[in-house]
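Notes for the structure review
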Amino acid sequence: MSKQKMITRVIIDHYHSKLDHMFDYLVPLSLEQKIVTGMRVLVPFGRNNRMLEAFVMEIKKGENSSFHMKEVEEILEGKPVLSASTLAIIHWMKNAYFCRTIEAIRCFVPNQRVKQKVVDVIHLNEDIIRKMNVDNDFQNAPAQRKILNYLIKNGESTVNMLTKSTQTSRSSINSLLEKKCIMIEKRQFRREPNVLQENFSYPEPNLNESQKEAINMIKQNWVENPNKHILLHGITGSGKTEIYMNIIKETLTNGKDSILLVPEIALTPQMVQRFKGRFGNKIAVLHSHLSDGEKLDEWNRIKKSEASIVIGPRSAVFAPCNKLGTIIIDEEHESTYKSEQTPRYHAMDIAKMRCEIESAHLILGSATPSIESYYDAANGKLKMIELHERATGGELPTITTIDLREEVKSGNKTILSQKLINELADCLTNGHQAILFLNRRAYATYVNCLHCGHVIQCEQCDITMKWHKNEKKLKCHYCSAEKQAPQQCPECGEEIAYQGAGTQRAEDAIQSLFPDYKVVRMDQDTTRKRGAHQKILSQFESGRIDILIGTQMIAKGLDFPNVTLVGILLADTSINLPDFRASERTFQLITQVAGRSGRGDTEGKVILQTYQPSHYAIRAASKHDYMRFYEEEILVRNTFQYPPYSRLIQLVFSGENELEVKHTADRITAGMKFLLDKSGYIDKSKIIMEPGPAIIARVDNKYRYTVLVKSVDVQFSLLKRIIKYLVLDKREQQVPENVSIIIDPDPRFIQ
């Protein structure tokens, strides 16, 4: 009886939809003892047997067959890049997020095609140097003497560092090589993120009783309910970060790894500084602003257990920790934890799956928990631990609400109320710092004609163009189109005006009022360059910036004791959006940015400017009253059956032919209704919202229609199966080639 052959099932490392299934390959005898699941291999593919990279998903014994099967050509690494638990999550992601398998794999594996960086390292030839007197023997060669003395003191150095430190040249190094005084060795070089290159000190403070109690409750929950996740609900400034540090210290003591997620890349430097100051070189950083080489080197450090604490935004949840013990999601309510690109995962879902599969613990932290998380905690699905006082013992800042309608009536049409101007003057005079928040970038949010009313829109999108004064350009924030602003109205030839306020205009206004103080803007436009976040925050922390103006990237997590005033220039920017989460986002943003004030010894103040002071989200935020907001908001959610009372799937149809896009949306909607009807669901009006143009109906010359599906009195899994069948399995029959469809489960924004 002949021996059964070993067969491996692989996923080709290619994004084409027709390759989104496993291919079988024979494993040659020479590789049978080496190949394991999770490895990267090279396989011949197609008629021309082009060599492609692939990931081993399964290994099985095959029946003898006359069918000719191609063989695996080569194993690319000695160890697997995907663990068994990772493979399980990849299979789950494919079904949960309607993505291709390779798209899920790529979340876990960095670009392996990046070459390792190798540098020349110079060190002394001890056998030769031992017989010499460097100062005497190299009296007539001062450059060579400098090099040798530097190496005697420092042991070894890269060529670049050596020539720079000694102010010598490569020729002097070559001379020493000829004399065999030094040796050069090729060595792999670690590409280290800038924030990890500095040394910090962050001593452990004395914890207050609330913090100690919270830590004990977390540890007790781990013993009594190890599978129950924790919601740490603490007011701004209550010392949640110190609790995270203590829990991570405990995890390290138990020989396990931790992942700490932060919502913004802007928050990463400050968090890393604190953790590096406490835990040293055990820290690794993962985020999208790293180069491919830095990502790969950090990934390898984690994989080799050289780093046991990973910090970063949502993508850090995929870090290749070998012994995962704890995942902490700071500011868990933030929408940035949801990916807006395929796969459209939510970091919290991935964290929950990892904790379940790898027997790890999950902690969600927030001063303003998402409605869904608080609802789960109130109903016993999460263990709730609350912190009601600030770690320093100080009070929450006093919030003064300014009705901008009254400002207009009094003749003030600027973006700054007189109260805010006065408070800014007092703050600066007393040597303190201020943060001003406006969630709109650019100088003017729209440009229009004062005579005929014509508004300049993007030619490719149904959206107004924004005026960027420094660059003297109109820009579309959706398709990135740019053009020069006209001097006269293109419709009637009369004067045009720059209307609405963005961060750029606010910066100019503040600087003109306070010319003797340093005013800096932090938004997407000023932080494009690598390291810009870190540079601005370092300058602010050191006191070189007096007033920091910014968008939501400055609204959370930042801790600067000298900030005693926060100004919220316009609290209404998000409150009127046609999205069921608009009120929640408004409450969270106001509460979070207000919490930046008064974190030191001096009491903080907040000036909240709004046109809608009576709105329940603004009233609750002005009183720091989460429960008041939650109780009103949960009633609205229940009435309209929005999460947490249902789950959503959003379908976004787009294409250049509007009629074709509309017909496709109608066809898929009709198909969903038909299949629901077949499954016994008579009333489908609560489940499927009729198709209609998206909030922004055209982006980059593509028309957009949306359909929203709710799991009201119907299983979410059934809705997913129906959508998968119509949109993916039967795509060729149901969807024209030039119409694309985004399937977004549990969307954070309604389009």
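Residues numbered from 1 in each chain as written. Predicted model: local features only at pLDDT ≥ 70, side-chain atom pairs only at ≥ 80, totals over all residues. Heavy atoms only, no water.

Okay, the overall build of the chain next. Broken down by element type, the chain carries 24 helices and 30 strands. Relative to the globule expectation of 27 Å for 751 residues, the C-alpha radius of gyration of the chain, 30 Å, shows essentially globular dimensions. By principal-axis analysis of the C-alpha atoms, the chain measures approximately 90 × 80 × 65 Å. Each of the 751 residues in the chain was classed as buried or not, and the buried ones make up 54%. (Helix = DSSP H or I, 4+ residues; strand = E, 2+ residues; numbered from the N terminus. Rg over C-alpha atoms; globule rule 2.2 N^0.38 Å. Buried < 20%, exposed > 50% of the residue type's maximum accessible area, 1.4 Å probe, protein only.)

The subject of this paragraph is unusual backbone geometry. A cis amide bond, omega -5°, links Thr342 with the succeeding residue Pro343. Mapped onto the elements, Pro343 comes out in the loop between β13 (324-330) and α13 (347-358). Cis geometry is found at the peptide bond from Pro643 to Pro644, where omega equals 15°. Of note, Phe98 is a non-glycine position whose phi angle comes to about 55°, a positive value.

Pairing of strand β1 (residues 5-12) with strand β4 (residues 50-62) involves 8 bridges; the strand directions are antiparallel. Across the sheet, Thr8 pairs through a bridge with Ile59, a residue of β4. Between the end of strand β3 (residues 40-45) and the start of β4, which pair antiparallel, lie 4 residues, with Gly46 showing a positive phi angle near 80°. (Pairing = 2+ DSSP bridges.)

Looking now at helix α10 (residues 240-253). With 14 residues, α10 should cover 20 Å at 1.5 Å per step; its first-to-last C-alpha distance of 20 Å lies within 8% of that length. Across the 14 residues of α10, 11 count as buried, placing the element largely inside the fold. Of the positions making up α10, those classed as buried are Lys240, Thr241, Glu242, Ile243, Tyr244, Met245, Asn246, Ile247, Ile248, Thr251 and Leu252. Looking one or two places after α10, you find Gly255, whose phi comes out positive at around 75°. (Expected span 1.5 Å × (residues − 1).)

A few words now on the pattern of salt bridges. Going through the model one piece at a time under the given rule, you end up with 34 salt bridges. Put simply, Lys94 and Asp20 hold a salt bridge, and the shortest N to O gap is 2.6 Å. Taken together, the residues span a long stretch of sequence, with Lys94 in helix α1 (residues 84-96) and Asp20 in the loop between β1 and β2 (23-26) at a distance of 74 residues. In this structure Asp20 comes out as partly exposed when scored by relative accessible area, which is 22%. For Asp559, the salt bridge goes to Arg599, with nearest N and O atoms at 3.1 Å. In this pair, Asp559 sits in the loop between β24 (547-550) and β25 (563-568) while Arg599 sits in the loop between α19 (582-594) and β26 (605-610), placing the two residues 40 residues apart along the sequence. Classification of Arg599 by relative accessible area gives buried; the value is 15%. Via salt bridges that share partners, Arg9, Asp24 and Lys60 belong to a single interconnected network. (Salt bridge = Lys/Arg side-chain N within 4 Å of Asp/Glu carboxyl O.)

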